[in-house]
Amino acid sequence: QKRSDKFKNDMTILHLEQTAKFSVWSLAPNSKPHNKTKTTVFLDLNCAYTQKIVQDEFNKRAEEYDVITGPGCGDDAITPPNPTEVQFAEYERIQWAAVLSGELRAS
């Protein structure tokens, strides 16, 4: 049975498949992406070199992420602009109260 026939009338997106050695998760071939909105990331790093590398990686996934850049300096917490879902910043500048309350994710 062809793989595409297996999923023909199935609405499930992820399927657990057995291989010779492992079980793997795979996407059904006819699955369509969800109508997900982009994730907004607030990027605020001290090092211009590192900031550029991280920015370039987010830019490669521009269909998934909107990136807002911060000032890149200082030791005080910065409140990211709304709506921000992820704050990618120096440890000192992360809004930890928002992270701990579940309103914001951080790295």
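Located above this text is the structure these notes cover.
What you see is a predicted model, and the numbers here were worked out from it, not measured in a lab.

### With respect to the overall build of the protein chain
Alright, step 1. Regarding its fold elements, the protein chain presents three helices and six strands.
Alright, step 2. Going from the N terminus to the C terminus, the protein chain shows its helices and strands as α-β-β-β-α-β-β-α-β.
Alright, step 3. Here the protein chain, with 107 residues, has 26% of them falling under the buried criterion.
Alright, step 4. Considering only residue pairs separated by 6 or more positions, the protein chain has 46% of its internal contacts joining residues 24 or more positions apart.

### Side note on unusual backbone geometry
The general pattern is negative phi for most residues beyond glycine and trans for most peptide bonds.
Alright, step 1. The step from asparagine 82 to proline 83 runs through a cis peptide bond, and the omega angle for that step is -10 degrees.
Alright, step 2. Tracing the sequence through the fold places proline 83 in the loop between strand E4 (65-69) and strand E5 (86-89).

### Here's the deal with the pairing of E5
Alright, step 1. Alignment of strand E3 (residues 39-44) against E5, held across four bridges, turns out to be parallel. Residue aspartate 44 lies in a different strand from E5, and its bridge partner there is alanine 89.
Alright, step 2. Pairing of E5 with strand E6 (residues 105-106) involves two bridges; the strand directions are parallel. Counterpart to valine 86 in the pairing with E6 is arginine 105.

### As for the sheet that holds E5
Alright, step 1. Taken in spatial order, the four strands make up an open sheet running E4-E3-E5-E6, and their pairing is parallel. Whereas interior strands pair on both sides, the edge strands pair on one side only; in this sheet they are E4 and E6.

Rules behind the numbers
- Residues numbered from 1 in each chain as written.
- Predicted model: local features only at pLDDT ≥ 70, side-chain atom pairs only at ≥ 80, totals over all residues.
- Heavy atoms only, no water.
- Helix = DSSP H or I, 4+ residues; strand = E, 2+ residues; numbered from the N terminus.
- Buried < 20%, exposed > 50% of the residue type's maximum accessible area, 1.4 Å probe, protein only.
- Contact = heavy atoms within 4.5 Å.
- Pairing = 2+ DSSP bridges.

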